[in-house]
Amino acid sequence: ENIKDAKEKVDVLIVSLHSGEEYVKEPTEFQTSFARAAIDSGADIVVGHHSHVVQKNEMYNNGYIFYGLGNFVFDQNFSKETMQGQIVKVIIENKKIKEIIPINIKINEFFQPELAE
């Protein structure tokens, strides 16, 4: 109901979800069901975080789901996966999402994000 109410007041609705199993590359059943329910309720984009590794992205019912963006600034240098992340560029034109561009990043030895090559 909160998502439905919020959608009536905005042009583009982005829902942020802190969930998922740490270091697991696949989203949990809860992540999937919540993200899809959020889209069905009016969210345009659902952005997940908590897994500390990049998880899959999907298009669902004209909405965009980013289950786990991985790390952005974090000192977890014990694996390649925890030193990677993703940012999302959202281009909005005429109050609608025109384009979504996922951009991969890597965390350098100083734990700062850089664009991945």
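In this text the structure is predicted, and so the values were computed from the model without any measurement.

A few words on the environment of Asn-2. As for its placement among the helices and strands, Asn-2 is situated in helix H1 (residues 2-7). When its relative accessible area of 68% is taken as the criterion, Asn-2 is described as exposed. For the pair Asn-2 and Arg-36, spaced 34 residues apart in the sequence, the C-alpha separation amounts to 15 Å.

What follows concerns the environment of Val-88. With respect to the helices and strands, the residue Val-88 is situated in strand S5 (residues 84-93). You can call Val-88 partly exposed: its relative accessible area is 25%. Linking Val-88 and Phe-111, residues 23 residues apart in sequence, is a C-alpha distance of 19 Å. Those residues within four positions of Val-88 in sequence are excluded, and the remaining contacts are Phe-66, Leu-69, Ile-100, Ile-101 and Pro-102.

Conventions we followed
- Residues numbered from 1 in each chain as written.
- Predicted model: local features only at pLDDT ≥ 70, side-chain atom pairs only at ≥ 80, totals over all residues.
- Heavy atoms only, no water.
- Helix = DSSP H or I, 4+ residues; strand = E, 2+ residues; numbered from the N terminus.
- Buried < 20%, exposed > 50% of the residue type's maximum accessible area, 1.4 Å probe, protein only.
- Contact = heavy atoms within 4.5 Å.

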